[in-house]
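This is what each chain is made of:
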Amino acid sequence: MGILTTIRQRESLSFPARPAVPHSPLTIVGGGIIGLSIAFECAKRGLKVIVLEKTACGGQATGAAAGMLAPYSEIGEDPDDFFTLCHHSLKLYPDWQQEVRTVSGLAFEYTRSGSLYLAFHEADELALKSRLEWQKEWGVQAEIVRGQALRNLEPHLTQEAVAALYYPDEHHVYTPDFVQALLAACEKMGVHIVQHAGEVRFKEVTADGLLLETGEKGCFSTDQCVLASGAWTSFFEEPLQLRLPIFPIRGQICAYEQGQEEIKHIIFSSQGYVLSKGNGTIVCGASEDIAGFDTSTTEKGISRLVKWSRYLFPFLKDKEPFHCWAGLRPATQDGYPLLGRLRHQPNVILASGHYRNGILLSPVTAKVVADIIEGRQPAVNLKMFDPLRFQ
Ligand SMILES: Cc1cc2nc3c(=O)[nH]c(=O)nc-3n(C[C@H](O)[C@H](O)[C@H](O)COP(=O)(O)OP(=O)(O)OC[C@H]3O[C@@H](n4cnc5c(N)ncnc54)[C@H](O)[C@@H]3O)c2cc1C
């Protein structure tokens, strides 16, 4: 027996053996649409990835979302790098969703419905015109429709709507099915997904890597970690010694069973949106409330949606929503996501705070984060989304 073996034997007698900790070069904390999309893209590029999810993948904001891919209706102000990010992501969607469909082998709804942003007064029309002007410069397909042309597009719409900005390129997905397909696609690409892991915390952070401790599944070590933990990302402020002003904004939303009347487009107004889903429901959303991490619905929140949806579509006046739910949008102090590597802690990358547009922004986020990990220049300017901008 060699002397080294003897020393090792003595060591193992005097110290309890440290349990083997699974190691991965890349660990993603959070299995919502953002974490899973990053995992999918990184796995496609040949990286070995683990996703650690506190509960069930897609069970938080992602599962609650209406699934609209609608940057032109959502962003009415002048264009900036956030508009570019959204515009770019919308363009990625047709190929992105097709890849998820092909790799997973699962079906999900992706409807190229187009959308209508409504005006109820002539004064509102002026705002639509100025929006149309700058968006056209960006190559956005859009036109103002009025009168019979509007009724032809959307026959059951209220007569109170005088005009609308029509965007044929805005689409929607059915998010609960899409996220399941994304999860299956990740697994087929070899991503190790640990659901119901309990809360992940940083146990040790060094220049070489991180030791992550989960509430339920032990520890994991990693070279780099992406925080895609949605509205909960501010819980990492202390270990990272960083200000992360991300907070939950509750969105309440409801669904009616669809009857004979169909809504053909995503209908936007200043007060909310209504759209038909392929599963025979009409979805109407959404409130924006400050309620901490409470995901219950309130009578006040839902009754406002019911009132407004009945105003937009009078055929809904005899119907009651059969399903109401709520989710927590990850909002940031300035409304823009946090995307990028931490300069003072370079093995941590932030991908959080997508607020109202996380479903739309998932492909572009996946690609820019994978570029950052590979040391490539991302296709979009990320300065505005610097995770250190609040220091
Ligand atoms: C009612 C409503 C409607 C919406 N409609 C749209 C829409 O039409 N279009 C659109 O683009 N966006 C929409 N959004 C916004 C969109 O849902 C979010 O921007 C998006 O889902 C954010 O994704 P995420 O992965 O960052 O967050 P989440 O889906 O919340 O995922 C974060 C995950 O991280 C996990 N997690 C958190 N902390 C930890 C931890 N410490 N350890 C382990 N796991 C952790 C959570 O359990 C969660 O599963 C809507 C949101 C709501 C609420």
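Residues numbered from 1 in each chain as written. Predicted model: local features only at pLDDT ≥ 70, side-chain atom pairs only at ≥ 80, totals over all residues. Heavy atoms only, no water.

- Under the annotation held in an unreviewed UniProt entry, the chain carries the name glycine oxidase and is attributed to Caldalkalibacillus thermarum.
- Checking UniProt for the chain, the heading Catalytic activity (unreviewed entry) contains the comment "glycine + O2 + H2O = glyoxylate + H2O2 + NH4(+)".
- The heading Pathway (unreviewed entry) in the UniProt record of the chain holds the text "Cofactor biosynthesis; thiamine diphosphate biosynthesis." (UniProt positions renumbered as here; feature names shortened; annotations may be inferred.)

## Quick notes on the UniProt feature "domain: FAD dependent oxidoreductase" (unreviewed entry) in the chain
- As recorded in UniProt, the sites labelled "domain: FAD dependent oxidoreductase" (unreviewed entry) are residues 27-371.
- Helix makes up 33% of residues 27-371 and strand 28%, and the two end C-alpha atoms of the span are 16 Å apart. (Helix = DSSP H or I, 4+ residues; strand = E, 2+ residues; numbered from the N terminus.)

## So, the environment of Ala149
- Inspection of the secondary structure puts Ala149 in helix 7 (residues 147-153).
- Residue class for Ala149 comes out partly exposed when judged on its relative accessible area of 38%.
- Sequence separation between Ala149 and Ala164 is 15 residues, and the spatial gap between their C-alpha atoms is 9.9 Å. (Buried < 20%, exposed > 50% of the residue type's maximum accessible area, 1.4 Å probe, protein only.)

## Some details on unusual backbone geometry
- Cis geometry is found at the peptide bond from Gly285 to Ala286, where omega equals -20°.
- Note on placement: Ala286 falls in the loop between strand 16 (281-285) and helix 10 (299-312).
- Positive phi, normally seen in glycine, also occurs at Tyr355, with a value near 45°.
- Inspection of the secondary structure assignment puts Tyr355 in the loop between strand 19 (348-352) and helix 11 (358-374).

## Considering the pattern of salt bridges
- Considering all chains together, one arrives at 16 salt bridges under this definition.
- Measuring nitrogen to oxygen at the nearest pair gives 2.9 Å for the salt bridge that ties Glu41 to Lys44. Of the two residues, Glu41 and Lys44 are both situated in helix 2 (residues 33-44); the distance of 3 residues between them amounts to about one turn of the helix.
- On the accessibility criterion, Glu41 (4% relative accessible area) is buried. (Salt bridge = Lys/Arg side-chain N within 4 Å of Asp/Glu carboxyl O.)

## What to know about the domain arrangement of the chain
- In terms of domains, the chain is made up of domain 1 (23-70 + 176-244 + 334-385) and domain 2 (112-169 + 247-332).
- Centre-to-centre, using C-alpha coordinates, domain 1 lies 30 Å away from domain 2.
- With 19 residues of domain 1 in contact, the opposing surface of domain 2 contributes 19 residues.
- Roughly 1600 Å² of surface becomes buried between domain 1 and domain 2 when both sides are summed, with 65% attributable to carbon and sulfur atoms.
- A salt bridge links Arg356 to Glu288, with the nearest nitrogen and oxygen atoms 2.9 Å apart.
- The interface formed by domain 1 and domain 2 contains 8 residue pairs in polar contact (both at pLDDT 80 or more).
- In terms of residues, the side of domain 1 that touches domain 2 owes the most to one element, helix 3 (residues 61-64), which gives 3 residues.
- Classifying every residue of the side of domain 1 that touches domain 2 gives 11 nonpolar, 6 polar and 2 charged. (Domains from an automatic or database assignment. Contact = heavy atoms within 4.5 Å. Buried area = accessible area lost by both parts, 1.4 Å probe. Polar contact = N/O pair within 3.5 Å; in protein donor to acceptor, adjacent residues only side chain to side chain. Nonpolar A, V, L, I, M, F, W, Y, C, P; charged D, E, K, R; others polar.)

## Here we look at the site of the ligand
- By nearness alone, 38 residues border the ligand, and Glu53, Thr62, Met68, Tyr355 and Arg356 come closest of all.
- A distance of 2.7 Å is found between an oxygen atom of the ligand and a side-chain nitrogen or oxygen belonging to Glu53.
- Contact distances for the ligand include 2.9 Å between a nitrogen atom and a backbone N or O atom of Val200.
- With the chains in place, 99% of the 1000 Å² that the ligand exposes on its own is no longer accessible.
- Of the residues belonging to the shell around the ligand, the class tally is 19 nonpolar, 14 polar and 5 charged.
- Looking at which domains feed residues into the shell around the ligand, each of domain 1 (23-70 + 176-244 + 334-385) and domain 2 (112-169 + 247-332) supplies at least three. (Near = heavy atom within 4 Å. Areas by Shrake-Rupley, 256 points an atom, 1.4 Å probe, with all protein chains shown as cover.)

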